[in-house]
Amino acid sequence: MSNNPQELLAAVAGLIDRVVNEVIIPAQAGVTLLDDEDEPVTRVDIEAERQLSAGLQRLLPSALVIGEEAAKSDPGLHRALEAPGSVWLVDPIDGTGNYA
C-alpha cells in the first residue's frame with residue numbers, strides 16, 4: 001500500500017463499503033443476538049470485525065488493529081494503546097441492539 005494518505009483513505013472507504021454491502025446489510029433480516037453479559041453482539045458483528053481487521057492489517061501492516069469483540073476476549077489488547085505507533089480501532093456496528 002502506498003504511503004499516500006489519500007490513497008489509504010480511499011482504500012479504507014472501499015473496504016468499509018465492501019463489508020457493509022457484503023456482510024452487514026445482507027444479514028440484517030436474519031440477525032439474532034448472541035448471549036453476552038455486558039452488551040449485545042451478533043455473528044454479523046464478529047464477521048464484520050474480522051473482515052475489517054484483516055483488510056486494515058493488509059492496508060497498513062505496521063499498525064495494530066483492535067476490534068471491540070477481540071478486545072472483549074483479550075483485554076490485554078487495551079494495553080497496546082499505550083505503545084507508540086498507529087492503531088485502528090474497529091467497532092463495525094455501533095448500537096448492535098438497535099441493529100438487531
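Check the entry above for the structure.
Residues numbered from 1 in each chain as written. Predicted model: local features only at pLDDT ≥ 70, side-chain atom pairs only at ≥ 80, totals over all residues. Heavy atoms only, no water.

1. Observations regarding the overall build of the protein
The line we're drawing: Secondary structure elements follow DSSP: runs of H or I of four or more residues count as helices, runs of E of two or more count as strands, with numbering from the N terminus. Note on contacts: a residue pair qualifies if any of its non-hydrogen atoms lie within 4.5 Å across the two residues. Only the protein chains shown count as covering a residue, and every accessible area follows the Shrake-Rupley method with a 1.4 Å probe. Lys and Arg are tallied as positive, Asp and Glu as negative. Neither His nor the chain termini are counted. Lysine's charge is taken at NZ, arginine's at CZ, aspartate's at CG and glutamate's at CD.
Of the regular secondary structure elements, the protein holds four helices and four strands. Secondary structure elements of the protein, listed N to C terminal, follow the sequence α-β-β-α-β-α-β-α. The C-alpha extent of the protein, read off along each of the three principal axes, is 40 × 30 × 15 Å. Taking as baseline every contact in the protein between residues at least 6 positions apart, the subset at least 24 positions apart corresponds to 55%. Counting every atom, the protein has about 6400 Å² of accessible surface; 53% of that belongs to carbon and sulfur. The averaged location of the 17 negative side-chain charges in the protein is 7 Å from the averaged location of its 6 positive side-chain charges.

2. Some points on the environment of Val44
The condition that has to hold: Only protein chains enter the accessibility calculation, which uses a 1.4 Å probe; a residue is then buried when its area is under 20% of its type maximum, exposed when over 50%, and partly exposed in between.
Turning to its location among the elements, Val44 is positioned in helix H2 (residues 43–59). Taking the relative accessible area as the measure of exposure, Val44 reaches 9% and is therefore buried. Excluding residues within four positions of it along the chain, Val44 makes contact with Val23, Ile24, Ala27, Val31, Ile93 and Tyr99.

3. Describing the pattern of salt bridges
For clarity, the threshold we go by: Salt bridges, as used here, are contacts in which a Lys or Arg side-chain nitrogen is within 4 Å of a carboxyl oxygen on Asp or Glu.
A full pass over the atoms with the stated rule returns three salt bridges. Note that Glu47 and Arg50 form a salt bridge whose closest N and O atoms lie 2.6 Å from each other. One end of the pair is Glu47 and the other is Arg50, both in helix H2 and three residues apart, which spans about a single turn. Glu69 is the partner of Lys72 in a salt bridge, and the nearest nitrogen-oxygen pair spans 3.4 Å. Here Lys72 and its partner Glu69 are both found in helix H3 (residues 68–73), three residues apart, which amounts to about one turn of the helix. Owing to a relative accessible area of 13%, Glu69 belongs among the buried residues under this scheme.

4. Digging into the side chain of Ser53
Rule in force here: N or O atoms closer than or at 3.5 Å make up a polar contact, with two conditions inside protein: a donor-capable atom paired with an acceptor-capable one, and, for residues adjacent in sequence, both atoms drawn from side chains.
Here Ser53 is to be found in helix H2. For Ser53, a relative accessible area of 18% gives the class buried. Polar contacts involving the side chain of Ser53 include one to the main-chain carbonyl oxygen of Glu49, which spans 2.8 Å. Contacts of Ser53, omitting those with residues within four sequence positions, involve Val65 and Val90.

5. What about the nonpolar core?
How we decide: We define a nonpolar core as any set of buried Ala, Val, Leu, Ile, Met, Phe, Trp, Tyr and Cys residues linked to one another through side-chain atoms lying within 4.5 Å.
In terms of nonpolar packing, the biggest core is built from 16 residues, with Leu15, Val19, Ile24, Val44, Leu56 and Tyr99 touching the most fellow members. Here this core takes six residues from helix H1 (residues 5–27), the largest share from any one element.

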